[in-house]
Amino acid sequence: MSYTYIYGILALSAPLLLASFGALVSEYAGCMALFLDGIINLSAFLCFTFTSATGSPVTGTILTLLSSVIFISAAAYITDRLHANAFLSAIALNLLSSALVSMFSAIKFKTTGILTSSVFVFSAGTTRLTTTAGAYILTAAGGFLLYLTKPGLYLRITGSDTDVLEARGIKTRQLRIAAWATAALYGAAAGCIFSLRLSSFVPNISSGTGWTALAAVFLGRKNIAAVTAAVFIFAAAQFAASNLQNISLFRSVPSSLLFSLPYLTALILILFSPRHR
C-alpha cells in the first residue's frame, strides 16, 4: 500500500477516531453518548459561525469546544438531578442538536442550506494535515489521561463498579457528567474538522459519523486497541468508496451504492461479531 493510500485512510479516520474515543469514555461510565451525531453537526455549524465572526479558526474552534462541553454538561447535570433516563435524554439531545442547527441557521444566515463565507476558506492540503495531526494528538492525550491517571481509572470503572467508588466517597454523579462532557469535547472536535476541511457548513455534515463511532465501540468491546482497529476498517471502507469510481470496472456502479460501503461494512461486522454474555 502506497504512502498516499495510508495517508488518505489516516486523514479520513481522524474525525471518526475522535468521536469513537468520546463514545468509549461515555460507555465506560455507563452512559452511552447517543447524542454524538447531533453534537458533531451542531459543532460544525458553530465552528463556521464563530470563525466567520472572529476571522480566526483557532478562536472559532476553541469557542465551539467550550460551547459544546457546556451544553452537554448542563444537560447531563439536569438529567442526573431529575433522575431522568440517560438513554432517552441522550436521544433527545441528539434531536435537539439538529433542531438547533436549523433554527440558528435560519435566524442568523436566513437559510437552512449550505453556508459559505469568504472568511471561512482554508488550504485543503494544510487543513487536512493539521486537523489529522491534531486529532491524533488529542486522542493520544485523552488515552493517556484515561489509562494512566487515577481520575481516568475512576472513570473507567464508573459504569461497572459504582458501589466501590461510592464506598470510597467518590461521587459517581460527577464522573458521569465528566464522561458526557468528554464525549462532547471529542465530538465537537470532529465537527470542527468536517467544516474546516470543507471550508463550509453542509447540513447533516456528520453523515452518520456519531453512529459509526458507537458501532466502533460496540465492535471493540470497550478495548481501545480494538476500537481503533474498527475505526481504521471503517476509514478504509470510506476511502475505497471514494476512490472506486475512478476504476473503470466500477464506473457503472451507482455512486450512492459505493458511498454506502462504510455503513455496509459496519453492518456486516456487527452481524458477524462474536456474541458474549
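Quick summary incoming for the structure in this document. (Residues numbered from 1 in each chain as written. Predicted model: local features only at pLDDT ≥ 70, side-chain atom pairs only at ≥ 80, totals over all residues. Heavy atoms only, no water.)

So, on to the overall build of the chain. Each helix and strand counted, the chain has 12 helices and zero strands in total. Tracing the chain from N to C terminus, the helices and strands come up as α-α-α-α-α-α-α-α-α-α-α-α. Going through the 277 residues of the chain one by one, you find that 44% of them count as buried. Taking all contacts inside the chain whose residues are at least 6 apart in sequence as the whole, residues at least 24 apart take part in 77%. (Helix = DSSP H or I, 4+ residues; strand = E, 2+ residues; numbered from the N terminus. Buried < 20%, exposed > 50% of the residue type's maximum accessible area, 1.4 Å probe, protein only. Contact = heavy atoms within 4.5 Å.)

Turning our attention to helix H5 (residues 124–148). For H5, built from 25 residues, the straight-helix expectation of 36 Å at 1.5 Å per residue is met to within 8% by its first-to-last C-alpha distance of 36 Å. Thr 127, Thr 131, Thr 132, Ala 135, Thr 139, Gly 142, Gly 143 and Leu 146 are the residues of H5 that are buried. In this fold, the buried residues of H5 make contact with helix H1 (3–28), helix H6 (150–156) and helix H8 (172–198). (Expected span 1.5 Å × (residues − 1).)

A few words on the state of the cysteines. A complete count under the given rule lists zero disulfides for this structure. Looking at the unpaired Cys 192, the closest cysteine sulfur is the one in Cys 47, lying at 3.8 Å. The exposure class of Cys 192 is buried, given its relative accessible area of 2%. (Disulfide = S-S within 2.5 Å.)

Turning to the packing of H1 against H8, a few remarks are in order. Running from amino to carboxyl end, H1 crosses H8 at an angle of 165°, the nearest separation of the two axes being 7 Å. The pairing of H1 with H8 is recorded here as roughly antiparallel in orientation. In the crossing of H1 with H8, the sense of the turn from one axis to the other is left-handed. Only Ala 179, Trp 180, Thr 182, Ala 183, Tyr 186, Ala 189, Ala 190, Ile 193, Phe 194 and Arg 197 of H8 make contact with H1, whose side of the interface consists of Ala 11, Leu 12, Ala 14, Pro 15, Leu 18, Ala 19, Phe 21, Gly 22, Val 25 and Ser 26. (Axes fitted to C-alpha atoms, helices over the stretch in contact; angles between N-to-C directions. Parallel < 35°, antiparallel > 145°, perpendicular 65-115°, else oblique. Left-handed = near helix turned anticlockwise from the far one by under 90°.)

All right, on to empty space enclosed by the protein then. With the rule as written, the count across this model stands at one cavity of 30 Å³ or more. In this model, the largest cavity occupies a volume close to 50 Å³. Contributions of two or more residues to the lining of the largest cavity are made by H1 and helix H10 (224–243). Here the element with the most residues in the lining of the largest cavity is H1; it accounts for four residues. Its residues placed into classes, the lining of the largest cavity shows five nonpolar, three polar and no charged. (1 Å grid on protein atoms, 1.4 Å probe; cavity = no way out; pocket = protein on both sides within 12 Å on 5 of 7 lines; lining within 4 Å. Points joined across faces, edges and corners; volume = space filled by probe spheres on them. Nonpolar A, V, L, I, M, F, W, Y, C, P; charged D, E, K, R; others polar.)

With 65 residues, the main nonpolar core has Phe 35, Trp 180 and Phe 201 as its most contacted residues. Broken down by element, the residue count for this core peaks at 14 residues, all from H8. (Core = buried A, V, L, I, M, F, W, Y, C linked by side-chain atoms within 4.5 Å.)

Compared with an ideal rise of 1.5 Å per residue, which puts 26 residues at 38 Å, H1 spans 35 Å between its outermost C-alpha atoms and is within 8% of the ideal. Summarising burial for H1: 19 of the 26 residues are buried, a large majority. After H1 finishes, the residue Gly 30 shows a positive phi value of roughly 80°.

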